[in-house]
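Residues per chain are reported as follows:
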Amino acid sequence: MVLNLVDLAIPVVLVVERGWPIAAFALGGFALSVAYTAPPLRLKKHGLGEPTVLIVWGPLMVGGAYYAAVGNLPWEIVVASLPYALLCT
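None of the values given here were measured: they were computed from a predicted structure. (Residues numbered from 1 in each chain as written. Predicted model: local features only at pLDDT ≥ 70, side-chain atom pairs only at ≥ 80, totals over all residues. Heavy atoms only, no water.)

Right, let's get into unusual backbone geometry. In this structure, Pro-40 follows Pro-39 across a cis peptide bond, with omega equal to 5 degrees. The residue Pro-40 is located in the loop between α2 (20–37) and α3 (49–70) in this model. The backbone phi angle of Arg-42 is positive, close to 45 degrees, even though this residue is not glycine. Topologically, Arg-42 is positioned in the loop between α2 and α3. (Helix = DSSP H or I, 4+ residues; strand = E, 2+ residues; numbered from the N terminus.)

This is the structure:
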């Protein structure tokens, strides 16, 4: 229980420090991850699994981590995240 509270404190601190985009990155990644397999969308069953992985593992994860560390997200970082995302895809 204590570790769950610590885990909850981390995104709260990041949202306070960096603003609402941190919540947007987290919620976007969560929504796409759930929609990947969960009904009614089941993106992977409709041929959208690979693009979903590309978005989640690229711009959302790499871009979100960069934004959390620096406080902005230039387009160069989004482009630089794509090779990593392609490896995961």
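A few words on the nonpolar core. Ranked by size, the top nonpolar core spans six residues in total: Ile-22, Phe-25, Val-56, Leu-60, Tyr-67 and Ala-68. Among the elements of the structure, α2 and α3 are those that each provide at least two residues to this core. Looking at this core, the element that brings in the most residues is α3, giving four residues. With sequence-adjacent residues up to four places away left out, Tyr-67 is seen in contact with Arg-18, Pro-21, Ile-22, Phe-25, Asn-72 and Leu-73. (Core = buried A, V, L, I, M, F, W, Y, C linked by side-chain atoms within 4.5 Å. Buried < 20%, exposed > 50% of the residue type's maximum accessible area, 1.4 Å probe, protein only. Contact = heavy atoms within 4.5 Å.)

Judged by side-chain polarity, Met-1, Leu-5, Leu-8, Val-12 and Val-16 come together as a nonpolar surface patch covering roughly 580 Å² of accessible area. Tracing the chain through its elements places Val-16 in helix α1 (residues 2–18). (Patch = residues over 30% accessible without salt bridge, like charges linked within 9 Å, V, L, I, M, F, W, Y side chains within 5 Å. Areas by Shrake-Rupley, 256 points an atom, 1.4 Å probe, with all protein chains shown as cover. Salt bridge = Lys/Arg side-chain N within 4 Å of Asp/Glu carboxyl O.)

Our next topic: the packing of aromatic side chains. One pass over the structure, following the stated rule, counts two aromatic pairs. Taking the centre distance of 6.0 Å and the plane angle of 40 degrees together, the rings of Phe-25 and Tyr-67 count as tilted. Placement of the pair is Phe-25 in helix α2 and Tyr-67 in helix α3, with a sequence separation of 42 residues. The exposure class assigned to Phe-25 is buried, which follows from its relative accessible area of 19%. On the numbers, 6.3 Å between centres and 50 degrees between planes, the contact of Trp-57 with Tyr-84 is tilted. Of this pair, Trp-57 sits in helix α3 while Tyr-84 sits in helix α4 (residues 75–88), and the two are 27 residues apart along the sequence. Judged by relative accessible area, Trp-57 falls into the partly exposed class, the value being 35%. (Phe/Tyr/Trp six-rings, centres within 6.5 Å; stacked < 30°, edge-to-face > 60°.)

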